[in-house]
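Spelled out from the first residue to the last, the chains are:
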Amino acid sequence: MSIEELSNILEEHGIKATANRLLVAKALNDSPHPLSLMELEDVIGSIDKSGISRCLTMFREKRLVHSIEGSPEGTRYEICRSHDAGHDEDAHVHFLCVKCHRTICLEKIPIPLVSLPDGYIMESSSYIIKGICPDCSSNPGGAK
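Here the structure is a predicted model, which means the values were calculated and not measured.

About the thresholds
- Residues numbered from 1 in each chain as written.
- Predicted model: local features only at pLDDT ≥ 70, side-chain atom pairs only at ≥ 80, totals over all residues.
- Heavy atoms only, no water.
- Patch = residues over 30% accessible without salt bridge, like charges linked within 9 Å, V, L, I, M, F, W, Y side chains within 5 Å.
- Areas by Shrake-Rupley, 256 points an atom, 1.4 Å probe, with all protein chains shown as cover.
- Salt bridge = Lys/Arg side-chain N within 4 Å of Asp/Glu carboxyl O.
- Buried < 20%, exposed > 50% of the residue type's maximum accessible area, 1.4 Å probe, protein only.
- Core = buried A, V, L, I, M, F, W, Y, C linked by side-chain atoms within 4.5 Å.
- Helix = DSSP H or I, 4+ residues; strand = E, 2+ residues; numbered from the N terminus.
- Contact = heavy atoms within 4.5 Å.
- Pairing = 2+ DSSP bridges.
- Axes fitted to C-alpha atoms, helices over the stretch in contact; angles between N-to-C directions.

**Here we look at a nonpolar patch on the surface**
Together, V114, L116, Y120 and M122 line one region of the surface with nonpolar side chains, adding up to about 460 Å² of accessible area. Of the residues examined, Y120 reaches a relative accessible area of 59% and is grouped as exposed.

Below, the structure is given as structure tokens:
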């Protein structure tokens, strides 16, 4: 995805497209899997941890990223492909491999709809399945 396309997505979510925000969005967009804060810092190199964290906080508030918790390395982030901050048509299941610790997007599997009791208001949901990925199940030493 081009910088112009990323800039448009940021603006669709009500986020001003600064240089740092575009770098963080590009790193998330270009990654084949969700990234932790430390991984983002390694990938980007030119922005410190606090700058990346500020971008991620804004991205979460504006629903531009999905936050995936439960990994031994901490929260991981991925760009949300929805085109609207108010509706997330991109919510999907994630798989955490307990051997190699990779978090894998299962984009074709939507998060199941859950009916909450009266009085509860859902703001977000996350669905993680933990187990052994195909690479690790076919390689007893684990995929690294």
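**Section: the nonpolar core**
Residues V24, L28, L40 and F59 are the most contacted members of the largest nonpolar core, which totals 21 residues. Of all the secondary-structure elements, those providing two or more residues to this core are helix 1 (3-12), helix 2 (19-30), helix 3 (37-44), helix 4 (49-61) and strand 3 (76-79). With residues near it in sequence (within four places) discarded, L28 still touches L35, L40, L56, V65, Y77, E78 and I79. Formed by 5 residues, the second largest nonpolar core is a distinct cluster that contains C97, C100, C133 and C136.

**Section: the sheet that holds strand 6 (residues 128-131)**
Pairing is mixed across the open sheet formed by 3 strands, whose spatial order is 5-4-6. With one partner strand each, in any of the chains shown, strand 5 (103-110) and strand 6 form the two edges of the open sheet. The mean angle between the axes of side-by-side strands here comes to 25°, regardless of whether they run parallel or antiparallel. One ladder, built from 4 bridges, connects strand 4 (residues 92-97) with strand 6; its direction is parallel. Bridged to L96 within strand 6 is K130.

**Focus: the sheet that holds strand 3**
Strand order in the open sheet made by the 3 strands is 1-3-2, with antiparallel pairing throughout. Here the strands that pair on one side only, and so sit at the sheet edges, are strand 1 (35-36) and strand 2 (65-68). Here helix 4 sits on the sheet and contacts strand 2 and strand 3; the angle it forms with strand 2, its principal contact strand, is near 105°.

**Details of the pattern of salt bridges**
The tally for this structure, following the rule as stated, stands at 3 salt bridges. For D30, the salt bridge goes to K26, with nearest N and O atoms at 2.6 Å. Here D30 and its partner K26 are both found in helix 2, 4 residues apart, which amounts to about one turn of the helix. The partly exposed category is assigned to K26, whose relative accessible area is 30%.

**Regarding unusual backbone geometry**
Of note, the phi angle at R63 is positive, near 60°, even though the residue is not glycine. Looking at the element boundaries, R63 is found in the loop between helix 4 and strand 2. Using a relative accessible area of 38% as the deciding quantity, one classes R63 as partly exposed. A positive phi angle, near 65°, is found at H101, a position not held by glycine. With respect to the secondary-structure elements, H101 resides in the loop between strand 4 and strand 5.

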